[in-house]
Amino acid sequence: MAFGDTAPTVPTPLGDTAPAVRTVLGDIAPAALGVCDAHDHLFLRSPQLPGQELDDFGAAAAELRAFHAAGGTSVIQWTPYGMGRGAAELPRLARESGVHIVAATGLHQAAHYAPEVLERLRSWAAELFVAELTEGIGGTGPRAGMIKVAGGFHGLDAHARYTMAAAAEAQRATGAVIGVHLELGTGALDVLELLCGELAVPPDRVILGHLNRSPDLVVHRAAAEAGAYLAFDGPSRAHHATDWRLPEALAALAEAGFGERILLGGDTTTAGARSVNGGPGMPHLLRRHRERLEVVLGKDLVARFLTANPARAFAADWTRVPRVPRDPRKGREARRASTA
């Protein structure tokens with residue numbers, strides 16, 4: 001089926017209290033996610049990546065077409081507030097491609113923002129996150145379906161602690177899962193100590209991203225034992241020579257009984273990395289990368305990483321009533337600025 005001929009993605013009817021995945025076109029049954037790229041980007045910009053912005057609708061559409069042709073049916077975009085997430089374009093992309101798309105709220109590391117942006121958000125980040133999860137990005141745009149935050153290299157600075165506290169507050173109000181960027185794959189246990197210890201977020205509401213970048217099997221197992229989801233994303237990065245170690249790491253987790261905690265993603269962050277521009281892009285996850293993992297782990301287990309696990313990880317009970325106090329003036333400011 002051609003890209004433009006694909007049947008529109010539509011929400012799946014749900015019961016009043018059934019867990020659901022919140023996509024940019026509405027809530028769907030978790031099983032409807034199908035084959036899921038659990039961490040990627042269709043749109044992204046940052047002063048840390050000058051000249052490599054993901055800001056072209058046509059390129060995003062072509063990348064989704066290639067991903068769909070490889071067998072993909074859903075993409076979780078981890079691009080948070082203020083980083084060019086293209087919220088207004090995501091529903092159209094989902095309709096035209098037939099691929100479910102989940103958008104994110106939240107904040108990345110401070111280095112990705114102008115200081116005045118962070119200062120403006122300091123007192124009401126939790127309120128913003130809840131509004132984007134329950135009302136819509138920009139007030140009238142699609143609703144976010146997850147919260148994205150970030151740690152630092154082997155530690156957590158003041159910005160990370162503040163942002164994670166806001167994310168925990170929004171998580172308690174909505175049930176949404178929190179996805180955490182681990183800098184070079186480090187700091188996983190520090191993150192869990194803060195989020196699940198001090199801030200009392202249920203471990204199964206936390207996804208630790210980029211663990212493939214630090215193939216520490218001891219840390220991986222400790223994080224899995226804590227109950228968090230473990231995301232191994234960004235295969236074939238030239239500066240992360242860990243692809244060859246990944247089958248061993250995943251096999252060790254599966255043999256220890258933690259196969260249900262593993263997620264896989266592509267994490268395309270630059271224009272040059274897109275498959276339509278000659279890079280591996282989103283399709284690589286479901287082609288060579290999946291094939292390599294299947295040789296060692298078997299097709300059934302890898303299929304679970306791509307289907308059943310993300311279906312559980314991104315599902316939430318969205319019937320909850322937000323408990324974060326609302327400031328109407330700040331809420332208006334948030335909605336005006338939050339489409340980026």
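Going along each chain's sequence as written, the residues are numbered from 1 onward. Only residues with pLDDT of 70 or above have their local features reported here, since the model is predicted, and side-chain atom pairs are shown and tallied only from 80 upward, although totals for entire chains, interfaces and linings are computed over all residues. For side-chain calculations, the full set of non-hydrogen atoms in the structure is used, while hydrogens and water are omitted.

**Student:** Explain the overall build of the chain here, please?
**Tutor:** On a plain count of helices and strands, the chain comes out with twelve helices and eleven strands. In what follows, residue pairs with any heavy atoms lying within 4.5 Å of each other are defined as contacts. Look at the contacts in the chain between residues 6 or more apart in sequence, and 77% of them connect residues 24 or more apart. Reported accessibility uses the Shrake-Rupley method at a 1.4 Å probe radius. Residues are deemed covered only where the shown protein chains occlude them. Accessible surface, the chain as shown: approximately 13,100 Å² in total, 53% of it carbon and sulfur. Secondary structure is summarised from DSSP: a helix means a run of H or I of at least four residues, a strand means a run of E of at least two, and numbering begins at the N terminus for each.

**Student:** Just to check I follow, could you spell out the sheet that holds strand β6 (residues 104-106) for this structure?
**Tutor:** Hydrogen bonding along the main chain pairs the strands of a sheet, whether they run parallel or antiparallel. Read from one edge of the open sheet, six strands run β6-β7-β8-β9-β10-β11, paired in parallel fashion. Looking at which strands have only one partner, the edges of the open sheet turn out to be β6 and β11 (262-265). With strand direction ignored, the average angle separating the axes of adjacent strands in the sheet is 30 degrees. Two strands qualify as a pair provided that DSSP identifies no fewer than 2 bridges between them. Note: strand β9 (residues 206-209) against strand β10 (residues 229-233), two bridges, orientation parallel. Residue pairing across strands places Leu208 opposite Leu230, the latter belonging to β10. As a rule, the C-alpha atoms of each element are fitted with a line to give its axis, helices using only the stretch in contact, and angles between N-to-C directions run from 0 to 180 degrees. Across the face of the sheet, helix α8 (residues 246-255) comes into contact with β10 and β11 while running at roughly 165 degrees to β10.

**Student:** Can you help me understand the packing of aromatic side chains in this one?
**Tutor:** Aromatic ring pairs are described here by two measures, namely the spacing of the ring centres and the angle between the planes. Put simply, two rings from Phe, Tyr or Trp (the six-membered ring, in Trp's case) pair if the centres are within 6.5 Å, and we call them stacked under 30 degrees between planes, edge-to-face over 60, tilted for the rest. This structure, assessed with the given rule, holds zero aromatic pairs. Lysine NZ or arginine CZ positioned within 6 Å of the ring centre and within 35 degrees of the ring normal marks a charge as sitting over the ring. The residue whose ring lies beneath Arg122 is Tyr162, and the NZ or CZ to ring-centre distance is 5.3 Å. Sitting above the plane of the Tyr229 ring, Arg261 keeps its charged end 4.1 Å from the centroid.

**Student:** Just to check I follow, could you spell out the environment of Asp55 for this structure?
**Tutor:** Note on placement: Asp55 falls in the loop between β3 (36-40) and α1 (57-69). C-alpha separation for the pair Asp55 and Gly86, spaced 31 residues apart in sequence, amounts to 7.6 Å.

**Student:** Please clarify how the pairing of strand β8 (residues 178-181) should be interpreted in this entry.
**Tutor:** For a regular strand, side-chain orientation follows a simple rule: the groups alternate between the two sheet faces. The buried label goes to any residue with under 20% of its type's maximum accessible area, the exposed label to any with over 50%, and the partly exposed label to all in between, with areas taken from a 1.4 Å probe on protein chains only. Side chains Ile178 and Val180 project from β8 onto one buried face, and the interleaved Gly179 and His181 project onto a second face that is buried too. As paired strands, strand β7 (residues 146-150) and β8 are joined by four bridges and run parallel to one another. Among the inter-strand pairings, Ile147 is bridged to a residue of β8, identified as Ile178. Bridge count for β8 against β9 is four bridges, and the pairing is parallel. Within the sheet, the bridge partner assigned to His181 lies in β9 and is Gly209. By convention a crossover is right-handed if, when the strands point away from the viewer, the path from the first strand over the helix to the second runs clockwise. Running through helix α6 (residues 188-198), the crossover from β8 to the neighbouring parallel element β9 is right-handed.

**Student:** Could you clarify how one ought to interpret the pattern of salt bridges in this entry?
**Tutor:** Salt-bridge detection follows one rule: a side-chain nitrogen of Lys or Arg within 4 Å of a carboxyl oxygen of Asp or Glu. Tallied over the full model, the rule gives eight salt bridges. Salt-bridge contacts for Arg22 lead to Asp27; the nearest nitrogen and oxygen are separated by 2.8 Å. The network of salt bridges with shared partners includes Arg22, Asp27 and Arg143.

**Student:** Please clarify how the nonpolar core should be interpreted in this entry.
**Tutor:** Soluble globular proteins: nonpolar side chains tend toward being buried together. In terms of nonpolar packing, the biggest core is built from 86 residues, with Leu93, Val180 and Leu208 touching the most fellow members. If one sorts the elements of this core by residue count, helix α5 (residues 158-174) sits on top with seven residues. Counting 18 residues, the second largest nonpolar core, distinct from the first, contains Trp78, Leu263, Ala313 and Phe314. Among the buried residues, those of types Ala, Val, Leu, Ile, Met, Phe, Trp, Tyr and Cys that are joined through side-chain atoms within 4.5 Å form a nonpolar core.

**Student:** Would you take a moment to explain the pairing of strand β4 (residues 74-77) for this structure?
**Tutor:** Alternating residues of β4 divide into Ser74 and Ile76 and Val75 and Gln77, and every residue in both groups is buried. With three bridges joining them, β3 and β4 adopt parallel strand pairing. Its bridge partner being in β4, Cys36 is matched across the sheet by Ser74. Between the parallel pair β3 and β4, the chain is carried across by α1, and the sense of this crossover is right-handed. Bridge analysis of β4 against strand β5 (residues 100-102) gives three bridges, and the strand direction is parallel. The residue of β5 that forms the bridge with Ile76 is Val102. Read from β4 through helix α2 (residues 90-97) to β5, the crossover connection turns out right-handed.

**Student:** Even after reading the chapter, I still don't get helix α10 (residues 299-306), so can you show me in this structure?
**Tutor:** For α10, every residue scored as buried is listed here: Leu301, Val302, Phe305 and Leu306. An end-on view of α10 places all buried positions within 140 degrees of arc, on one side of the element. Projecting away from the buried face of α10 at angles above 90 degrees are the exposed residues Lys299 and Asp300. In this structure, the buried residues of α10 make contact with β3, α8, β11, α9 (281-297) and α11 (308-313). Taking the helix axis as origin, the arc is that swept by the directions to the C-beta atoms.

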